[in-house]
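Structural characterization, general
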Amino acid sequence: MTERPLGDFLRSRRAHVRPEDAGMPAGPRRRVTGLRREEVALLAGVSVDYYVRLEQGRERNPSPQVLDALGGVLRLDDDARSHLFRLAGLTPRPALSAPERVDPELLQLLDGWPDNPALVLGRAYDVLAGNRLGYALFEGFRGGANLLVKLFLDPEARSFYADWEAAAVNTVAGFRLLHGQDPHHPRVREVLGSMLERSPEFAALWLRNDARGKRAEVKTFRHRDVGELTLRMQAFDVRAAPGQQLVVYHAEPGSASADALALLGTLAATAGR
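Residues numbered from 1 in each chain as written. Predicted model: local features only at pLDDT ≥ 70, side-chain atom pairs only at ≥ 80, totals over all residues. Heavy atoms only, no water.

This next bit is on the overall build of the protein. For the protein, the helix and strand inventory stands at 13 helices and five strands. Taking the principal axes of the C-alpha coordinates as reference, the protein spans close to 65 × 45 × 35 Å. Burial analysis of the protein (273 residues in total) assigns 47% to the buried set. If you take every contact in the protein between residues at least 6 apart in sequence, the share linking residues at least 24 apart comes to 54%. Counting only carbon and sulfur atoms, one obtains 51% of the accessible surface of the protein, whose full area is about 14,000 Å². Across the protein, the 37 positively charged side chains and the 35 negatively charged ones have centroids separated by 6 Å. (Helix = DSSP H or I, 4+ residues; strand = E, 2+ residues; numbered from the N terminus. Buried < 20%, exposed > 50% of the residue type's maximum accessible area, 1.4 Å probe, protein only. Contact = heavy atoms within 4.5 Å. Areas by Shrake-Rupley, 256 points an atom, 1.4 Å probe, with all protein chains shown as cover. Lys, Arg positive; Asp, Glu negative; His and termini not counted. Charge placed at Lys NZ, Arg CZ, Asp CG, Glu CD.)

Here it is as structure tokens:
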């Protein structure tokens, strides 16, 4: 694993900024993808030598002002900007904690949503809990499954997710954000090491250094019992347990997906899942 995460993140982000978007001429002889180091330094108002030392890991204590400037130059969104600050050690990191558990009141809340699939994910994307409909939608997730493992190593995931590639990109970006919050957490390190070793596709996406949390979006699944479902997803941070996320899905009322979700609920209740 990298020993200069701040520098690697800066380098990967400048590769994603088109020169013309930053007011720089593209030019026919440009040999690098994205911005050059000296261009980032100029736009951020720092010396080229200082910026080079940041990327090389020889300078590890940039000021908040410098990070704000770099975030603007590199066109970072809120999630990526927060990740940048954490890599520079300018936000507190969570203390190492005991094995994750879900608050009993949150479990009661999950059970109070019989018509909405819901899961609670841990800081390493372990599935910590779910309601009946959540487990029925995501078959095989019960009993300590991990979202990354299921997504990249379970062959059925590629048919379950209608757009597997987008799901893979977004999930790795979310895990990168969680990793930045607490990179020394034993479970986070364990999952990362295992996935880098077992999945070349995960490893390739990890090198992209995307850092982006789960957001409201629409996903389409192909379930073997009820067919295709297009669901809206909402994700919420569990404030009582930093690193945990509550993920809830719902279907458009009156849609075919709502009918399929109702059928799935009936099947799950009948089977006693």
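Glancing now at unusual backbone geometry. Excluding glycine, most residues fall at negative phi; most peptide bonds, likewise, are trans. Phi at Tyr125 takes a positive value of approximately 65°, unusual for a residue other than glycine. Tracing the chain through its elements places Tyr125 in the loop between strand 1 (118-121) and strand 2 (127-130). Backbone geometry at Asn209 places phi at a positive 65°, although glycine is not the residue there. Within the element layout of this structure, Asn209 appears in the loop between helix 12 (200-206) and strand 3 (217-223). On the accessibility criterion, Asn209 (7% relative accessible area) is buried.

Bringing the pairing of strand 5 (residues 245-250) into the picture now. Counting buried residues in strand 5 gives five out of six residues, a clear majority hidden from the surface. Both strand 1 and strand 5 contribute to a ladder of four bridges, which runs antiparallel. Considered in strand 5, the bridge of Leu121 is made with Gln245. With six bridges joining them, strand 4 (residues 227-237) and strand 5 adopt antiparallel strand pairing. Considered in strand 5, the bridge of Asp237 is made with Gln245. (Pairing = 2+ DSSP bridges.)

If you look at the biggest cluster of nonpolar residues, it comprises 44 residues, and the most contacted ones within it are Phe138, Phe152, Tyr161, Phe175 and Phe202. Each residue touching Phe202, except ones within four places of it in the same chain, is listed here: Leu148, Phe152, Val172, Phe175, Leu192, Met195 and Leu196. Among the nonpolar cores identified, the runner-up in size contains 26 residues, and Phe9, Leu74, Ala80 and Leu87 belong to it. (Core = buried A, V, L, I, M, F, W, Y, C linked by side-chain atoms within 4.5 Å.)

Here we take up the sheet that holds strand 4. Reading across the sheet, the five strands line up as 2-1-5-4-3 and stay open at both edges, with antiparallel pairing between neighbours. Strands with a single pairing partner mark the edges of an open sheet, and in this sheet they are strand 2 and strand 3. Shown here is a sheet whose adjacent strand axes are inclined to one another by a mean of 30°, direction ignored. Where helix 13 (residues 256-271) meets the sheet, it contacts strand 3 and strand 4, and its direction lies at approximately 85° from that of strand 4. (Axes fitted to C-alpha atoms, helices over the stretch in contact; angles between N-to-C directions.)

Let's shift gears to the pairing of strand 4. As defined by bridge partners, strand 3 adjoins strand 4 across seven bridges and the pair is classed as antiparallel. Residue pairing across strands places Glu217 opposite Met233, the latter belonging to strand 4. Turn length for the strand 3-strand 4 hairpin, with the two strands adjacent in sequence and antiparallel, is three residues.

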